[in-house]
Amino acid sequence: MPIMNPEEFALASRRAHQADSVVDVYGVTVGGLRPVVCAGPCSVETPEQILACAEAVRKSGAHLLRAGAYKPRTSPYSFQGLGERGLKLLAEVREETGLGIVTEAVDTDTFDLVEEYADCVQIGARNMQNFSLLRRAGRSVRPILLKRGLCATLQEFLLAAEYVLAGGNPRVILCERGVRTFADHSRTTLDLSIVPAVKRLSHLPIIVDPSHATGVRDAVPSMSLAAIAAGAHGLLIEMHVQPNQALTDGPQAIYPSQLERIVSDTASIAAILAQSKVPQPLI
Ligand code: PEP
Ligand code: MN
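Fair warning: this is a prediction, and the values are worked out from it, not measured in the lab. (Residues numbered from 1 in each chain as written. Chains lettered and ligands numbered in written order. Predicted model: local features only at pLDDT ≥ 70, side-chain atom pairs only at ≥ 80, totals over all residues. Heavy atoms only, no water.)

A. Highlighting a negative patch on the surface. A contiguous patch of negative charge on the surface is contributed by Glu55, Glu92, Glu95 and Glu96. Following the sequence through the fold, Glu95 ends up in helix H2 (residues 84–97). (Patch = residues over 30% accessible without salt bridge, like charges linked within 9 Å, V, L, I, M, F, W, Y side chains within 5 Å. Areas by Shrake-Rupley, 256 points an atom, 1.4 Å probe, with all protein chains shown as cover. Salt bridge = Lys/Arg side-chain N within 4 Å of Asp/Glu carboxyl O. Lys, Arg positive; Asp, Glu negative; His and termini not counted. Charge placed at Lys NZ, Arg CZ, Asp CG, Glu CD. Helix = DSSP H or I, 4+ residues; strand = E, 2+ residues; numbered from the N terminus.)

This is how it looks when you write it as structure tokens:
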């Protein structure tokens, strides 16, 4: 275990704040005993697609809708998202379904616009150390969902959160989404051991994204339940009503029926943990 000096992340550290922090996103509490499920398609594609997906998310019992209007893509030739039109569609489906919206800001140029429409602003893995974006997030009026960088250590992850906290925004939710390792059976390696490690060092809530971590639809249900068993405060899951037609990340998008099952199994695991006499390890 590397030695970490909690003074370096004074605001994110449990020394600063002994109790678990809870972050309110559009009336949904992230960080409490009830695990929160954020779900939706990778991208907003059409009015019909996002409404159908949002209705499936609501029907499943999941708590927040997550979908991208601005997408960080590896290739400049890939679909980059609908931009402002996508944000407007998200605002419309929030009206229709009552679900709060989590959506990504990929740069400082478009942050103001994303902030205007979103209930929670995601900062993606590739931007975890984009310090100007983190500073802007620190001045945001919205909660920030900060994803772990693909090669980020725990210390780097907590220091990225510290940028947002130090900027004056106390509402940060961490998200483990897999890291790059030698393993090639999976898109990345879902590092569930970071969950108890974060909980030991920090008061911030941590959720897990098994979709981007594995890249494989049928790996998502079991990794979701494992994440909750490991103590995660919630999940970020990609779901699409027609995964085979998805413009981005179709192979990892689960079907609505799979999401329903995950939401109900998540509640069962949380109930077992609440009764369990076995202490959760804080490694
Ligand atoms: C996403 O959430 O759609 C995404 C691109 O994830 P990540 O930043 O974790 O790769
Ligand atoms: Mn995606």
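Picking up after the structure, the text goes on.
B. Here's a closer look at the coordination of the manganese ion (ligand 2). In the first shell of the manganese ion (ligand 2), the protein supplies Cys42 (SG), His212 (NE2), Glu238 (OE) and Asp249 (OD), at 2.0 to 2.3 Å from the metal. All donors of the manganese ion (ligand 2) belong to a single chain; written as a sequence motif, their spacing is C-x169-H-x25-E-x10-D. With His212 in helix H7 (residues 210–214) and Glu238 in strand S10 (residues 234–238), this residue pair connects regions lying 26 residues apart in the sequence. By relative accessible area, His212 is classed as buried at 9%. On the basis of relative accessible area, Glu238 is assigned to the buried category, the value being 1%. (Donors = N, O, S within 2.8 Å, 3.2 Å for Na, K, Ca; no water. Buried < 20%, exposed > 50% of the residue type's maximum accessible area, 1.4 Å probe, protein only.)

C. Expanded view of the environment of Leu165. With respect to the element layout, Leu165 can be found in helix H5 (residues 154–166). Remark: the alpha-carbon pair of Leu165 and Cys120, spanning 45 residues in sequence, is separated by 15 Å. Contact partners of Leu165, with chain neighbours within four places excluded, come to Leu11, Ala12, Pro170, Val172 and Leu204. (Contact = heavy atoms within 4.5 Å.)

D. Structural detail: the packing of helix H1 (residues 47–60) against H2. Across the interface, H1 lies against H2 with an axial gap of 10 Å and an inter-helix angle of 40 degrees. By the angle class used here, H1 and H2 are oblique. Read as a crossing pair, H1 and H2 show a hand that is right-handed. Seen from H1, the contacting residues are Pro47, Ile50, Leu51, Ala54, Glu55 and Arg58; seen from H2, they are Leu89, Leu90, Val93, Glu96 and Thr97. Tallied by class, residues from the contact of H1 with H2 come to 7 nonpolar, 1 polar and 3 charged. (Axes fitted to C-alpha atoms, helices over the stretch in contact; angles between N-to-C directions. Parallel < 35°, antiparallel > 145°, perpendicular 65-115°, else oblique. Left-handed = near helix turned anticlockwise from the far one by under 90°. Nonpolar A, V, L, I, M, F, W, Y, C, P; charged D, E, K, R; others polar.)

E. Quick look at the pairing of strand S3 (residues 36–40). Across the 5 residues that make up S3, a large majority, 5, are buried. Pairing geometry for S3 and S10, over 5 bridges, is parallel. Bridge pairing links Cys38 to Leu236 in S10. As paired elements, S3 and strand S4 (residues 64–66) share 2 bridges and run parallel to each other. Bridging across to S4, Cys38 finds its partner in Leu64. (Pairing = 2+ DSSP bridges.)

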